[in-house]
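Now for the letters of each chain:
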Amino acid sequence: MNYPNTNHHRRLLLCGLFITALAVGGCESCERPTVPVMPDPRLKPAALMIDDLGTGPRIVEVKVPVPSPQLRSTAAANQTPGTMTGAAAIAAAKAGATTQPTTDGFLNAIQYYDYAPGVVFTAVTSPGYVTTIALRPGEKLITAAAGDTTRWIVESVQSGSGESAQTLLLVKPRKAGLQTNLLITTDQRVYTLDLTSIDSGTYHTMIAWNYPFGDVVMIRNQVAAQQAAAQATVATGLELSKANFNYLVLRQKHSATPPWCPLRAFDDGQRTFIQFPPKVTVTEAPPLFVLGRNGDAQLVNYRVKGDWYVVDRLFDKAELRLGQAPQTIVAIVRADAKD
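Residues numbered from 1 in each chain as written. Predicted model: local features only at pLDDT ≥ 70, side-chain atom pairs only at ≥ 80, totals over all residues. Heavy atoms only, no water.

### Some remarks on the overall build of the protein chain
In terms of helices and strands, the protein chain carries 6 helices and 21 strands. When burial is assessed residue by residue, the protein chain has 33% of its 339 residues classed as buried. Put simply, of all contacts in the protein chain between residues at least 6 apart along the chain, 69% involve residues at least 24 apart. Roughly 20500 Å² of accessible area belongs to the protein chain as shown, and the carbon and sulfur atoms make up 56% of that amount. (Helix = DSSP H or I, 4+ residues; strand = E, 2+ residues; numbered from the N terminus. Buried < 20%, exposed > 50% of the residue type's maximum accessible area, 1.4 Å probe, protein only. Contact = heavy atoms within 4.5 Å. Areas by Shrake-Rupley, 256 points an atom, 1.4 Å probe, with all protein chains shown as cover.)

### Quick notes on the sheet that holds strand S21 (residues 328–334)
Hydrogen bonding along the main chain pairs the strands of a sheet, whether they run parallel or antiparallel. Taken in spatial order, the 6 strands make up an open sheet running S1-S13-S21-S20-S16-S17, and their pairing is antiparallel. Unpaired on one side and paired on the other, strand S1 (33–36) and strand S17 (297–299) mark the two borders of the sheet. Ignoring strand direction, the axes of neighbouring strands in this sheet form an average angle of 35°. Both strand S13 (residues 247–252) and S21 contribute to a ladder of 5 bridges, which runs antiparallel. Across the sheet, residue leucine 248 finds its bridge partner in S21, namely valine 333. (Pairing = 2+ DSSP bridges. Axes fitted to C-alpha atoms, helices over the stretch in contact; angles between N-to-C directions.)

### Let's talk about the sheet that holds strand S9 (residues 166–173)
In space, the 6 strands of this open sheet follow the order S3-S4-S12-S6-S9-S8, with mixed pairing throughout. Looking at the sheet topology across the chains shown, the edges are occupied by strand S3 (106–107) and strand S8 (152–159). Pairing of strand S6 (residues 131–134) with S9 involves 4 bridges; the strand directions are antiparallel. Of the residues in S9, the one forming a bridge with threonine 132 is leucine 170.

### A word on the packing of aromatic side chains
Under the criterion given, the structure shown has 13 aromatic pairs. Summarising the aromatic geometry, the rings of phenylalanine 276 and tyrosine 309 are spaced 4.5 Å apart at their centres and angled 55° between planes, so their arrangement reads as tilted. Taken together, the residues phenylalanine 276 in the loop between strand S15 (272–275) and helix H6 (280–283) and tyrosine 309 in strand S19 (residues 308–311) connect sequence positions 33 residues apart. A relative accessible area of 0% places tyrosine 309 in the buried class. (Phe/Tyr/Trp six-rings, centres within 6.5 Å; stacked < 30°, edge-to-face > 60°.)

### With respect to the pairing of strand S11 (residues 190–197)
Inspection of the sheet shows strand S5 (residues 120–125) paired to S11 by 6 bridges, in the parallel sense. When the bridges of S11 are listed, valine 120 appears paired with threonine 192. By the bridge criterion, 7 bridges tie strand S10 (residues 179–186) to S11 in an arrangement that is antiparallel. Residue pairing for S11: isoleucine 184 is matched across the bridge by tyrosine 191. In this antiparallel pair of consecutive strands, S10 and S11, the connection spans 3 residues.

### What to know about the nonpolar core
Within the largest apolar cluster, 21 residues are counted, with the highest numbers of intra-cluster contacts made by Ile133, Leu182, Ile184, Tyr191, Leu193 and Trp209. Counting residues per element, the ones that place at least two in this core are S5, S9, S10, S11 and strand S12 (206–210). For this core, the element with the highest residue contribution is S11, accounting for 3 residues. Residues contacting tyrosine 191, with those up to four places away along its chain left out, are Tyr115, Leu135, Arg136, Glu139, Leu182, Leu183, Ile184, Thr186, Trp209 and Tyr211. Membership of the second largest hydrophobic core comes to 18 residues, among which are Ala265, Val280, Val311 and Phe315. (Core = buried A, V, L, I, M, F, W, Y, C linked by side-chain atoms within 4.5 Å.)

### Considerations on unusual backbone geometry
With phi around 60°, asparagine 108 is a residue other than glycine that occupies positive phi space. The class of asparagine 108 is exposed, set by a relative accessible area of 74%.

### Things to note about the side chain of glutamine 327
When you line up the elements, glutamine 327 lands in the loop between strand S20 (317–322) and S21. At a separation of 3.1 Å, a polar atom in the side chain of glutamine 327 contacts the main-chain carbonyl oxygen of glycine 323. (Polar contact = N/O pair within 3.5 Å; in protein donor to acceptor, adjacent residues only side chain to side chain.)

### Quick notes on the confidence of the model for the protein chain
When pLDDT is averaged along the protein chain, the result is 80, and 72% of the positions lie at 70 or above. Counted against residues more than four places away or in other chains, residues 8–23, with its pLDDT under 50, gives 9 contacts. Counting contacts from residues 46–56, a segment whose pLDDT is below 50, to residues more than four positions away or on other chains yields 10 contacts. (pLDDT = per-residue confidence, 0-100.)

### Concerning the environment of valine 190
Residue placement: valine 190 occurs in strand S11. Residue valine 190 is classed as partly exposed on the basis of its relative accessible area of 43%. With 49 residues separating them in the primary sequence, valine 190 and leucine 141 have C-alpha atoms 10.0 Å apart. Other than its neighbours up to four places away in sequence, valine 190 contacts Tyr115, Leu183, Ile184 and Thr185.

Now the structure itself:
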């Protein structure tokens, strides 16, 4: 059995105790902080976080999915004998990427296709009837271009308002037996459709899409944003009306303001919060000492959360100390504290 190098660990422990002893008791000859540090221009107003709104990832109802041809296995694609070129290759690729209507793809009279880039979606129309193509709510139409603009009419209307506004394209053929394609570009994606007109009175009432891949990405991004917000949120449940920002940050008179100097401090009546410049708590985080009435310094327990120290108590005066003699010291003083 291998045992750890106890002598090495003992030396590290003694070194740590020595440095702490220097920080606590080795600054009797150090210059005391007396110069107020002006408000830092990097301070930003508090922002309303996602958690404050009590909203989580949006759950999106996914309609009945239709298998898309782009999901066919590679093995099946490799079974095609020979390699086609030219027009034959174009025709084969388009045929393989075209999605046809199936009974499983309908919800009431609405045809739902699974959206994927590069897939051609089929729309069946009939003279004297309107086929409606519904974009996703909130999606903004940029262009709707038909190959044949003489015998096909394509118009756009809007349903709803605000963020829930939905663009609807109205497609009407002038006669039966026509074929063309329709390209739709939006601020989010590109749709390609093949339009066919028949005279039997059978037509697509409405065509819409499921967005399974887009929804997964959207929810993943929302969760990542919420996790980032949680990391950036120093605490929850703070009552700003009870927050006390009456703290002074003091530096030494004959020393420049250190780069790790706190931006501000405040308390909520139970805890004290000290904000540092970005990334300081990762690179050079100075230890915090609370000063007693006799000026004696004591290490205090605190938690580092993002760019903040969170101290689970109140204090009248504390000091951040870094380095050895002469130490760099910054004091945090509660301005309304009684001497």
